[in-house]
Amino acid sequence: MKRFAMAVYAMFAALALAETSIPLEIPEKGNQLALAREGNTHLITSTGGDPYVQCKRISGEYDHEGVCTLAFDYISKTGINQLQVFFGPPIGGAGQSVTTKELLPTAEWTPFIVNLKALAPRQWIKPFTQFRLDFGTAAGKSILIRDLVLRDAREQDRAIEEKAFTAEKMKY
């Protein structure tokens, strides 16, 4: 009986420590961009000054207090001057959005994260189900992204953010 109790305790402890990750699906069409997809990797090329995709709606509930980080890996020869993330419904207007720093050019897969709750604490107030990603403000920019998810905030995120910030400062 004692072994069984310990096994049940271990199972619940593992579940409590499990990381939450909700895949965000990019549709086949967007605004002022060309999309190509292979598996969970997307090539996005901007064709105008307002390139964006609206991800497919998330179904189901999640804990928005913990699951508040948008994450993906990317490669981009051109870089993107900013990423704006809208969340809703409703989608639109700057009230429920965050604008990030530049995604620097890189020839290898590079993690990119944005903690929506940290950047917009007054707006990130419930489990949102719609997300729109605006990839910069210029035509002719390309980016490969993979593993686009909404997930829980993690301890290692701070190191990724600091690395991106340091690279941003070194540019000037």
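Reading guide: rules and limits
- Residues numbered from 1 in each chain as written.
- Predicted model: local features only at pLDDT ≥ 70, side-chain atom pairs only at ≥ 80, totals over all residues.
- Heavy atoms only, no water.
- Pairing = 2+ DSSP bridges.
- Helix = DSSP H or I, 4+ residues; strand = E, 2+ residues; numbered from the N terminus.
- Axes fitted to C-alpha atoms, helices over the stretch in contact; angles between N-to-C directions.
- Phe/Tyr/Trp six-rings, centres within 6.5 Å; stacked < 30°, edge-to-face > 60°.
- Buried < 20%, exposed > 50% of the residue type's maximum accessible area, 1.4 Å probe, protein only.
- Lys NZ or Arg CZ within 6 Å of the ring centre and 35° of its normal.

Peer 1: Which parts of the structure should I look at to understand the sheet that holds strand E6 (residues 83–88)?
Peer 2: Across a sheet, strands are paired by hydrogen bonds formed along the backbone, either parallel or antiparallel in direction. If you trace the 4 strands from one edge of the open sheet to the other, you get E4-E9-E6-E7, paired in antiparallel fashion. Each having just a single partner strand, strand E4 (52–54) and strand E7 (97–99) make up the two edges of the open sheet. Sheet twist, expressed as the average angle between the axes of neighbouring strands with direction ignored, equals 10 degrees. As judged from the 6 bridges shared by E6 and strand E9 (residues 130–135), these two strands associate in the antiparallel manner. By the bridge assignment, Leu83 is partnered in E9 with Phe135.

Peer 1: What should I look at first to understand the packing of aromatic side chains in this one?
Peer 2: The relative placement of two aromatic rings is captured by the distance of their centres and the angle of their planes. All told, the structure shown has 7 aromatic pairs when counted by the stated rule. With a centroid separation of 6.4 Å and 80 degrees between ring planes, the pair formed by Tyr74 and Phe112 is classed as edge-to-face. Taken together, the residues span a long stretch of sequence, with Tyr74 in strand E5 (residues 67–76) and Phe112 in strand E8 (residues 106–115) at a distance of 38 residues. The pair formed by Tyr74 and Phe112 is uniform in burial state, with each residue classed as buried. For the pair Phe87 and Trp124, a centre-to-centre distance of 5.2 Å together with 75 degrees between the ring planes defines the contact as edge-to-face. Linking Phe87 in strand E6 with Trp124 in the loop between helix H2 (116–119) and E9, this pair joins segments that are 37 residues apart in sequence. You can call Trp124 buried: its relative accessible area is 3%. Counting every residue linked through ring pairs, the aromatic cluster contains Phe87, Trp124, Phe128 and Phe131. For the cation-ring pair, Arg132 lies above Tyr52, with the distance from its terminal atom to the ring centre recorded as 3.7 Å. Here Arg132 stacks its cationic end above the ring of Phe86, 4.4 Å away from the centre of that ring.

Spatial relationships are all this shows, so hold off on functional conclusions.
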